[in-house]
Amino acid sequence: MGHFVKVLMLVLLLGLATTLLAETVTVGNPNVSYSVNDGTNFYVSNTSIFRVLPGGTVASAPVAGNFWQITNTPTYSDAGVVLYFSNPLLLGDLRSISVTSDNPSAINVNLWLDTGNNGTLFSFSGTQFTGLNGDSYAGASGSFIDQDTLFYMFGGNGAGTQYTLGQLQAGADSGIDANTRVALWVGITNADVANISKIDVTSVPEPATMSLLGAGFVAFAFGLRKRISR
C-alpha cells in the first residue's frame, strides 16, 4: 500500500468520524417539520411553515429560499422548525445545538420529550395539537445550547422547575433520562422575525456506526503493520 494511499485512508476515516458526530440541518432536510402557536392552538406540519397573520389567522407558506423565515404576529405566538419529530433522538445522545440566524437573540430551543414512552410526541388531530399525551417539553433561550444550558420545564414531568441538559440526561427529573426519546424545536416567541439558515446538531453516533468506524481503523492499522513488516 503506497504512503499516499495510507494517508488518504486515514484522512477519510478521521473525516468520517467527525461527520458522524455532527449533522447540519438545512432547508429541505427530511427530519424537519414546521410549527406555529396562534395564541389559541398549536399546529405542526411536515410540508410547510405556518404563519400567523394579523387577527390570529393561521396560514401556511413554503420556506423562503435557502432559509427558514420565522415570523410571529400578533404578540403571542411560537413559530419554528421541529427536528426529528418523526424519528426522535435519544436524549442521552444529544451534545449541543448551534443555530445560525440573523437574529440570534430571538432564538429559543425546546426539547419535546417522549416521557409517555409510546414512540410518539404529543397528540395531534391532523396538524393541530390536542394534548401532551403523557409527554413533556422544556425550553431554553439563545442560539446555542450544550450540556450546561439551563432548561425550564414548561409542561409534563417537572413542570415549573429548571434543569441543565446534562441533569436531564442524568435522570434529575422523574421519568426523563438518557433513554428518553427527544425532538428539538428551534424558533422564536413573541412578535419577532428570524431567518435561520442552518442548525448544527452534535450527537453521539449509534453504537453500530461506531463499531464500523472502529473496524475501519483496525483494518487500516493491520494493512500498515503488514507493509512495515515486509
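Conventions and cut-offs
Residues numbered from 1 in each chain as written. Predicted model: local features only at pLDDT ≥ 70, side-chain atom pairs only at ≥ 80, totals over all residues. Heavy atoms only, no water. pLDDT = per-residue confidence, 0-100. Contact = heavy atoms within 4.5 Å. Helix = DSSP H or I, 4+ residues; strand = E, 2+ residues; numbered from the N terminus. Buried < 20%, exposed > 50% of the residue type's maximum accessible area, 1.4 Å probe, protein only. Polar contact = N/O pair within 3.5 Å; in protein donor to acceptor, adjacent residues only side chain to side chain. Lys, Arg positive; Asp, Glu negative; His and termini not counted. Salt bridge = Lys/Arg side-chain N within 4 Å of Asp/Glu carboxyl O. Pairing = 2+ DSSP bridges.

(A) Layout of the confidence of the model for the protein chain. Per-residue confidence for the protein chain gives a mean pLDDT of 83, with 79% of residues at or over 70. For the stretch residues 10-20, pLDDT sits under 50, and the model shows 13 contacts to residues farther than four places along the chain or on other chains. Note that residues 208-225 has pLDDT below 50 and, in this model, 15 contacts with residues that lie over four places away or in other chains.

(B) Expanded view of the side chain of T115. Tracing the backbone shows T115 in the loop between β10 (107-113) and β11 (123-125). A residue is classified by how much of its surface remains accessible, and T115, at 16% relative accessible area, is buried. Within the local environment of T115, its side chain forms a polar contact with the backbone oxygen of G134, the two atoms lying 2.8 Å apart. Among the polar contacts listed, one links the side chain of T115 to the side chain of S136, at a separation of 2.9 Å. Once you skip the residues sitting within four places of it in the chain, T115 turns out to touch G134, D135, S136, N157, G175, I176 and T180.

(C) Representation of the side chain of D78 within the structure. Note that D78 resides in strand β7 (residues 78-83). Salt bridges are absent for the buried D78, whose nearest opposite-charge side chain, R51, sits at 15 Å. Those residues in contact with D78, other than ones at most four positions away along the chain, are S35, V36, N37, N72, W185, I188 and T189.

(D) The pairing of strand β4 (residues 49-53), seen in detail. Counting buried residues in β4 gives four out of five residues, a clear majority hidden from the surface. For β4 and strand β5 (residues 57-61), the ladder comprises five bridges, and the chain directions are antiparallel. For I49, the partnering residue across the bridge sits in β5 and is A61. Where β4 folds back onto β5 in an antiparallel hairpin, the turn is made up of three residues, including G55, whose phi is positive at roughly 95°.

(E) Examining the pairing of strand β13 (residues 136-141) more closely. Pairing of β10 with β13 involves six bridges; the strand directions are antiparallel. The residue of β13 that forms the bridge with W112 is Y137. Bridging between β13 and strand β15 (residues 150-155) involves three bridges; their strand directions are antiparallel. Bridge pairing in β15 places G139 opposite Y152.

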